[in-house]
Amino acid sequence: MILSILTPGVPKRFAQIKKLCSELEHQIGNLPVEHLVFIDNKRRTVGEKRDALLRAARGQYVAFVDDDDA
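Residues numbered from 1 in each chain as written. Predicted model: local features only at pLDDT ≥ 70, side-chain atom pairs only at ≥ 80, totals over all residues. Heavy atoms only, no water.

**Q** Help me understand the overall build of the chain, please; the structure alone is not making it clear to me.
**A** Scanning the chain from N- to C-terminus turns up 2 helices and 3 strands. Each helix (α) and strand (β) of the chain, taken in turn from the N terminus, gives the series β-α-β-α-β. Compactness check: the chain gives a C-alpha radius of gyration of 12 Å against a globular reference of 11 Å for 70 residues, within 12% of the reference. Reported as C-alpha extents along the three principal axes, the dimensions of the chain are approximately 35 × 25 × 15 Å. With 70 residues in all, the chain has 30% of them scored as buried. (Helix = DSSP H or I, 4+ residues; strand = E, 2+ residues; numbered from the N terminus. Rg over C-alpha atoms; globule rule 2.2 N^0.38 Å. Buried < 20%, exposed > 50% of the residue type's maximum accessible area, 1.4 Å probe, protein only.)

In structure tokens, the structure reads:
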């Protein structure tokens, strides 16, 4: 895996996350890129979610795209 795109999110922005995932899936196509999304019930800070996403990522490079960036 070359790139991991990491998205922390919250349930109230689920519609935005769905749109974001669809757009990224279209752009990624068959490239060696993974998109990981971590949605919780606001029990964790954004930093804690980002850290968990970094631990799960398998790409050589990472990029964060927040759920409200769509």
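**Q** When you look at unusual backbone geometry in this model, what are you seeing that I'm missing?
**A** Even without a glycine there, the phi angle at Lys42 is positive, about 65°. Secondary-structure assignment places Lys42 in the loop between β2 (33-39) and α2 (46-56). A relative accessible area of 53% places Lys42 in the exposed class.

**Q** Sorry if this is basic, but what is going on with the packing of aromatic side chains here?
**A** Note on aromatic pairs: each is described by the distance of the centres and the angle between the planes. With the rule as written, the count across this model stands at 0 aromatic pairs. Positioned over the ring face of Phe64 is Arg50, at 4.4 Å from the centre of the ring. (Phe/Tyr/Trp six-rings, centres within 6.5 Å; stacked < 30°, edge-to-face > 60°. Lys NZ or Arg CZ within 6 Å of the ring centre and 35° of its normal.)

**Q** So what exactly am I meant to see when it comes to α2 here?
**A** Here α2 has its buried residues at Lys49, Ala52 and Leu53. Along the axis of α2, the buried residues cluster in a sector spanning 100°; they form a single face. Buried residues along α2 sit against β1 (3-9) and β2. (Arc of directions from axis to C-beta. Contact = heavy atoms within 4.5 Å.)

**Q** Can you walk me through the pattern of salt bridges in this structure?
**A** Where charged atoms from two side chains of opposite charge come close, those side chains can pair. Under the defined criterion, the tally for this structure stands at 4 salt bridges. Taking the shortest distance from any N to any O, the salt bridge between Asp40 and Lys49 comes out at 2.9 Å. No difference in accessibility class separates Asp40 from Lys49, as the two residues are buried. For Arg50, the salt bridge goes to Asp66, with nearest N and O atoms at 2.8 Å. (Salt bridge = Lys/Arg side-chain N within 4 Å of Asp/Glu carboxyl O.)

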